[in-house]
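Survey of secondary and tertiary structure
What follows is the residue order along each chain.
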Amino acid sequence: MTEYTPPTPYLPAPMNPADEKLWSALTHVGGIFFSFVPALVVYLVLKDRGPFVRHHTATALNFQLTMLIASVAAAILWFVLIGVFITAAISIIIIVFSILAAIAANKGEWYTYPLSIKFVS
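In this report, we go over the structure that sits alongside the text. (Residues numbered from 1 in each chain as written. Predicted model: local features only at pLDDT ≥ 70, side-chain atom pairs only at ≥ 80, totals over all residues. Heavy atoms only, no water.)

1. Structural notes on the overall build of the protein
Helix and strand content of the protein: four helices and zero strands. For 121 residues, the compact-globule estimate of 2.2 N^0.38 gives 14 Å, and the C-alpha radius of gyration of the protein, at 18 Å, exceeds that figure by more than 25%. Taking all 121 residues of the protein together, the buried fraction comes to 32%. Within the protein, counting contacts between residues at least 6 apart in sequence, those at least 24 apart form 69% of the total. (Helix = DSSP H or I, 4+ residues; strand = E, 2+ residues; numbered from the N terminus. Rg over C-alpha atoms; globule rule 2.2 N^0.38 Å. Buried < 20%, exposed > 50% of the residue type's maximum accessible area, 1.4 Å probe, protein only. Contact = heavy atoms within 4.5 Å.)

See below:
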């Protein structure tokens, strides 16, 4: 009889730095068009492939979820008419900060969004 050897856990191969930068930048840009969905998908799929891509996808996911909460609050305030201006401000903030984050990720720099609640790390 042979001894039982337990299976080894699956460890995904680490990504090379160029791929980490690419996926990080795409995650930030995707948030402009599709809200939190790209950040969530890339976070779930690639979070264990490298610290750089994990940081950027978690940061993007936190920011997009924060902006989603702010957008819901702004939608409620549409009845008071101030929500129109808050929605416009949120849209501008998302575009500007996502572009800044994508540029930083593409340069290989670590970036943290301001105005962001930390939901995932």
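2. Describing the nonpolar core
As a rule of thumb, nonpolar side chains are buried together in soluble globular proteins. Phe63, Met67, Ile90, Ile94, Phe97, Tyr111 and Tyr113 are the most contacted members of the largest nonpolar core, which has 15 residues in total. Counting residues per element, this core draws most heavily on helix H3 (residues 51-76), at six residues. Apart from residues no more than four positions distant in its own chain, Ile94 is found in contact with Gly31, Ile32, Phe63, Gln64 and Met67. (Core = buried A, V, L, I, M, F, W, Y, C linked by side-chain atoms within 4.5 Å.)

3. Some points on the pattern of salt bridges
By the definition in use, this model includes one salt bridge. Among the ionic pairs, Asp48 bridges to Arg54, the shortest N-O distance being 3.6 Å. A residue is classified by how much of its surface remains accessible, and Arg54, at 29% relative accessible area, is partly exposed. (Salt bridge = Lys/Arg side-chain N within 4 Å of Asp/Glu carboxyl O.)

4. Let's talk about the environment of Ser71
As for its position among the elements, Ser71 is in helix H3. Judged by its relative accessible area of 31%, Ser71 falls in the partly exposed class. Ser71 sits 19 residues away from Ile90 along the chain, and the two C-alpha atoms are 7.1 Å apart.

5. Some points on the packing of aromatic side chains
For any two aromatic rings, the description comes down to two numbers: the centre-to-centre distance and the angle of the planes. For the coordinates displayed, the defined rule picks out five aromatic pairs. Taken together, a centroid distance of 5.3 Å and an interplanar angle of 80° make the contact between Phe52 and Trp110 edge-to-face. A residue pair is termed long-range when its members are at least 10 positions apart, and Phe52 in helix H3 and Trp110 in the segment after helix H4 (82-107) qualify at 58 residues. Taking relative accessible area as the criterion, Phe52 reaches 8% and is therefore assigned buried. The exposed category is assigned to Trp110, whose relative accessible area is 55%. Taken together, the ring pairs in this structure connect Phe63, Phe97, Tyr111 and Tyr113 into an aromatic cluster. (Phe/Tyr/Trp six-rings, centres within 6.5 Å; stacked < 30°, edge-to-face > 60°.)

6. Overview of the environment of Thr66
By secondary structure assignment, the location of Thr66 is in helix H3. Judged by its relative accessible area of 9%, Thr66 falls in the buried class. Taking the C-alpha atoms as reference, Thr66 lies 5.9 Å from Ile117; in sequence the two are 51 residues apart. With sequence-adjacent residues up to four places away left out, Thr66 is seen in contact with Leu115, Ser116, Ile117 and Phe119. A polar contact of 2.8 Å, which involves the side chain of Thr66, links it to the backbone oxygen of Asn62. (Polar contact = N/O pair within 3.5 Å; in protein donor to acceptor, adjacent residues only side chain to side chain.)

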